[in-house]
Amino acid sequence: MDNNNLSKEKLWQIILGEMELQLTRANFVTWFKNATIASLEDNNETAVISLPNEFTRAWFEKKYHKIILDILQDNSDNKIKRISYRVESNLTPTMETEKKSVSLEEIMKQEPGEKEMEIDKQGLNPKYSFENFIVGKGNELAHGAAVAVARNPGKKYNPLFIYGGVGLGKTHLLQAVGHEILKQDKKKKIFYLSAEKFTNEFVKAIREGKTEAFKKTYRNKDLFLVDDVQFFAGKEGVQEEFFHTFNSLYQKDKQIILTSDRPPRVIPALEERLISRFEGGMIVDVSAPDLETRMAILQQKAREKNINIDKDILQYIAVQIQSNVRRLEGALNKIIAYHELNKMPFSIEETKKIIASLTNVPRKAALSPRELLQIVADFFGIKFSELTGASRKKELVGPRQVAMYLLREELEASFPLIGHELGGRDHTTAMHAWRKIKREVDQEGRIKQEIEFIKQRIYNN
Ligand code: ADP
Ligand code: MG
């Protein structure tokens, strides 16, 4: 940067200036007070940002990475190409801060984004390896299958289809296979992406007239990892393309691994030929970990962060948070952040307060009818406007009735309100729908399973 006289100090000041404009004061102070650009390396192509702890690093990677990189590129004539983060524990504050302590409310407001950063060129996040995956009840079968596939790609189970609720380690396992295969052979062509990304890329390729290049990219892999294939629900064009991609890889004995929040047959509006492909290999599920496993996961996460934390505290978290590993980890992160930022030793009292504020959200009241309808629409792969619209097509009437049933059962909404929310229908329509679905649920049919999956989405996020 010498010749265009932008020093790392100056760049950092620019970043601070921009971030201060974009963030609340509390957030700005919390996350930026101990951060700085430590150096510019690789011929000034890499900015090394040093941060005070692992938690802040994860936060930067998830929330601020893109914007900081944009600022750096804009202010270096695109010379800076990437950021690497370094954790240094003995940093002294690099800017004046008025606030000394961080309140519980501030920590609570800070919900890390769901979206994982795609870290390397294969799309893999280095965090998700077999080494730091805890095996226990609920995931041992899925883990075993993933290990078997990593040892024998394309031969053992193809495809491997992993399904289960939110935050139970599906993405982690999927990527662990990728890392493992790369470890054995660096030259292997591996690709990880979400079904959503695949869809977007496909749409883009069509728009830009580059479908041939698209096909070439995806059909030329040794290991193809596709996350959250329930996203294909109801999207015919991309299902067709995916079918061909799948076949092309499969015929060459290339390993394919897929994840989903439900088994293939329960993905609505998924073509039969895709269902039978998905069912053609091995299907395994992941379910919520038991207490012992949750405890082991917390210990592992604390170890990864180099944090010494009492077993009692971990035990308390593990007992309180049961259904979702991401939330378990989130709770631990909040507790660590709260204590670190306030420079306090860990205490069970503070832990209890933090957990209470995480778990006491009154669930039913927390969700609006609109939000519930959106979840139902997403589940069935239809638009919100179709769900609430006038069309009486069979593919829409079924989901609509399920939506009315759920509004009644989960939000305790009145029938007139339900009618109103669904595009101004009569309350008798809502009553009829509720009764019909209730009958089917009582008969334990397929609808019941669908409703269970939707409820998981309602309550698991
Ligand atoms: P999913 O894809 O099923 O929604 P993820 O794979 O994203 O869930 O997992 C959510 C978080 O929980 C990740 O940070 C992951 O590392 C962690 N996690 C889940 N299961 C385990 C496990 N068995 N051992 C260690 N970490 C886990
Ligand atoms: Mg996932």
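Residues numbered from 1 in each chain as written. Chains lettered and ligands numbered in written order. Predicted model: local features only at pLDDT ≥ 70, side-chain atom pairs only at ≥ 80, totals over all residues. Heavy atoms only, no water.

### A closer look at the packing of aromatic side chains
Aromatic ring pairs: the centre-centre distance and the angle between the two ring planes describe each pair. Filter applied, for reference: Side-chain rings of Phe, Tyr and Trp, where Trp is taken by its six-membered ring, are said to pair if the distance between their centres is within 6.5 Å; with planes under 30 degrees apart they count as stacked, over 60 as edge-to-face, and otherwise as tilted. Elements are defined by DSSP. Helices are runs of H or I of four residues or more, strands are runs of E of two residues or more, and each kind is numbered from the N terminus. We call a residue buried when its accessible area falls under 20% of the maximum for its residue type, exposed when it is over 50%, and partly exposed in between, using a 1.4 Å probe and counting protein chains only. By definition here, charges over rings are those cases where NZ of Lys or CZ of Arg is within 6 Å of the ring centre and within 35 degrees of the ring normal.
For the structure on display, the rule yields 23 aromatic pairs. On the numbers, 6.0 Å between centres and 80° between planes, the contact of Phe 198 with Phe 232 is edge-to-face. Here Phe 198, found in helix H7 (residues 195-207), pairs with Phe 232, found in the loop between strand S6 (223-227) and helix H9 (236-251); they are 34 residues apart in sequence, far enough to count as distant. Side by side, Phe 198 and Phe 232 carry an identical accessibility label, which is buried. Taken together, the ring pairs in this structure connect Phe 161, Phe 191, Phe 198, Phe 202, Phe 214, Tyr 218, Phe 224, Phe 232, Phe 242, Phe 246, Tyr 250 and Phe 278 into an aromatic cluster. The cationic tip of Lys 235 hangs over the ring face of Phe 231; the distance from NZ or CZ to the ring centre is 4.1 Å. Over the ring of Phe 243 we find Arg 273, and its NZ or CZ is 4.1 Å from the ring centre.

### Details of the site of ligand 1
Under the convention used in this document: Here a residue is considered near a molecule or strand provided that any single heavy atom belonging to it is located within 4 Å of it. Per-residue and other accessible areas follow the Shrake-Rupley method at a 1.4 Å probe size, with only the shown protein chains counted as cover for residues. Amino acids are sorted into nonpolar (Ala, Val, Leu, Ile, Met, Phe, Trp, Tyr, Cys and Pro), charged (Asp, Glu, Lys and Arg) and polar (every other residue, Gly among them).
Near ligand 1 you find 18 residues, and of these Ile 134, Gly 167, Thr 171, His 172 and Glu 329 are the closest. In isolation ligand 1 exposes 560 Å². Once the protein is present, 96% of that is buried. The class makeup of the residues in the shell around ligand 1 is seven nonpolar, seven polar and four charged.

### Focus on the nonpolar core
The condition that has to hold: For the purposes of this section, nonpolar cores are sets of buried Ala, Val, Leu, Ile, Met, Phe, Trp, Tyr and Cys residues that join through side-chain atoms within 4.5 Å. We call two residues in contact whenever any of their non-hydrogen atoms come within 4.5 Å of each other.
Ranked by internal contacts, the top residues of the largest apolar core, which has 46 residues, are Val 177, Ile 257 and Ile 317. It is helix H13 (residues 325-341) that contributes the most residues to this core, seven residues altogether. Discounting chain neighbours no more than four positions away, the residues touching Ile 317 are Leu 298, Leu 328, Ala 331, Leu 332, Ile 335, Thr 351 and Ile 355. Judged by nonpolar contacts, the second largest core, of 35 residues, contains Leu 406, Ile 418, Ile 451 and Phe 453.

### Describing the packing of H13 against helix H14 (residues 348-359)
Filter applied, for reference: Helix axes are fitted only over the stretch in contact, all axes being lines through C-alpha atoms; the angle between N-to-C directions runs from 0 to 180 degrees. Every angle not falling under 35 degrees, over 145, or within 65 to 115 is termed oblique; those three ranges are roughly parallel, roughly antiparallel and roughly perpendicular. Left-handed describes a crossing whose near helix is turned anticlockwise from the far helix by less than a right angle; the clockwise case is right-handed.
At a minimum axis distance of 10 Å, the contact between H13 and H14 shows a crossing angle of 135°. When the axis of H13 is compared with that of H14, the two are oblique. Where H13 crosses over H14, the two elements pack in a sense that is right-handed. Residue-level inspection shows Arg 327, Ala 331, Lys 334, Ile 335, Tyr 338 and His 339 of H13 in contact with H14, the latter providing Glu 350, Thr 351, Ile 354, Ile 355, Leu 358 and Thr 359. Its residues placed into classes, the contact of H13 with H14 shows six nonpolar, three polar and three charged.

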